[in-house]
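What follows is the residue order along each chain.
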Amino acid sequence: MSSTRRLFFALALPAPIQRQIVQWRADSFPPDAGRPIVAARLHLTLAFLGEASASTEQTLRRRAGRIRQAGFTLRLDDAGQWLRPGVVWLGCRRAPRGLLQLAELLRAQAARHGCYQSPQPFHPHVTLLRSAIRPVAIPPAGFHWSFPADHFSLYQSLYENGRTRYQLLESWPLAPAP
Ligand code: 2AM
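It should be emphasised that the depicted structure is a prediction, and the values quoted were computed from it without experimental measurement. In every chain, residue numbers begin from 1 and rise along the written sequence. Only residues with pLDDT of 70 or above have their local features reported here, since the model is predicted, and side-chain atom pairs are shown and tallied only from 80 upward, although totals for entire chains, interfaces and linings are computed over all residues.

Asks: So what's going on with the overall build of the protein chain? Residues and values would help.
Replies: Elements are defined by DSSP. Helices are runs of H or I of four residues or more, strands are runs of E of two residues or more, and each kind is numbered from the N terminus. Each helix and strand in the protein chain was counted, giving three helices and 10 strands. Along the protein chain, from the amino end to the carboxyl end, the secondary structure elements read β-α-β-β-α-β-β-β-α-β-β-β-β. Taken over the C-alpha atoms alone, the protein chain extends approximately 45 × 45 × 30 Å along its principal axes. Contacts spanning at least 24 positions in sequence make up 78% of the contacts within the protein chain whose residues lie at least 6 apart. Contact between residues is assigned whenever the C-beta positions, reconstructed from backbone atoms, fall within 7 Å.

Asks: How would you summarise the nonpolar core if you had to cite specific residues and measurements?
Replies: F9, A10, L11, L46, A47, L49 and V126 are the most contacted members of the largest nonpolar core, which totals 38 residues. Those residues in contact with L11 that lie beyond four places of it in its chain are H43, L44, L46, L74, A149 and F152. Note on terminology: a nonpolar core is any set of buried Ala, Val, Leu, Ile, Met, Phe, Trp, Tyr and Cys residues joined through C-beta atoms within 7 Å. Three exposure classes are used, all based on how many other C-beta atoms lie within 10 Å of a residue's own C-beta (placed from the backbone): buried at 20 or more, exposed at 12 or fewer, and partly exposed between those limits.

Asks: With reference to specific residues and values, describe the site of the ligand.
Replies: Any residue whose C-beta atom, as placed from the backbone, lies within 6 Å of a molecule or strand is termed near it. As a matter of local geometry, the ligand sits amid F8, T45, F48, V87, S118, T127 and S157. Of the residues belonging to the shell around the ligand, the class tally is three nonpolar, four polar and no charged. Polar here means any residue other than Ala, Val, Leu, Ile, Met, Phe, Trp, Tyr, Cys and Pro, which are nonpolar, and Asp, Glu, Lys and Arg, which are charged; Gly is therefore polar.

Asks: So, the environment of A54: which residues are in play, and what are the values?
Replies: Looking at the element boundaries, A54 is found in helix α2 (residues 54-65). Owing to 11 C-beta atoms within 10 Å, A54 belongs among the exposed residues under this scheme. C-alpha separation for the pair A54 and R5, spaced 49 residues apart in sequence, amounts to 7.7 Å.

Asks: Describe the pairing of strand β9 (residues 151-160), and please don't skip the residues or the numbers.
Replies: Two strands are said to pair when DSSP picks up at least two bridges between them. Sheet analysis places strand β1 (residues 4-12) next to β9, joined by four bridges and oriented antiparallel. Opposite L7, over in β9, you have Q156 as the bridge partner. Bridge count for β9 against strand β10 (residues 163-173) is 10 bridges, and the pairing is antiparallel. If you follow Q156 over to β10, its bridge partner there is Q167. In textbook terms, the turn of a hairpin is the stretch between consecutive antiparallel strands, and for β9 and β10 this stretch comprises two residues, one of which, N161, has a positive phi near 50 degrees.

Right, dumping it as structure tokens:
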């Protein structure tokens, strides 16, 4: 059997913003609200590929390298909780069109090459807490973090010694925002 890797395309968050979000999270949620995601792992998934073969990975990398799309400003100014998966998330009140286009393209390419894509609408989000199975109070509006999204990346998700780790495999630039 050929080996597979668990892969996803995502937008990285700049390290200073990761740190600010983690501080805000600590100030805004009780410690028992859920399992916090460490700062360095905060990201926004564009397309989840699941377990991909080496040849699928190679094809999707090549296709990603051909994407010519302008960057955009990502403004994280929304938060919420999905009780069923037990996730507390950060998102965008109004997702930039460039973000939706990029995710749609990557998801379409993934689907075309056999990576199952959920039929649920894409809801861009940064997972903040997992195992948040009891309702938590979401901080009132007023918070936001903005940054220019000028590249996107492919990551491998690894589970080692009881911990999840994301390994950056490759990044591709987005053209300067218009
Ligand atoms: P999540 O944060 O909402 O769980 C690595 O696991 C990344 O891929 C995470 O951002 C995770 O989203 C996403 N992911 C994991 N499984 C997924 C699935 N079945 N469908 C869509 N995204 C998934």
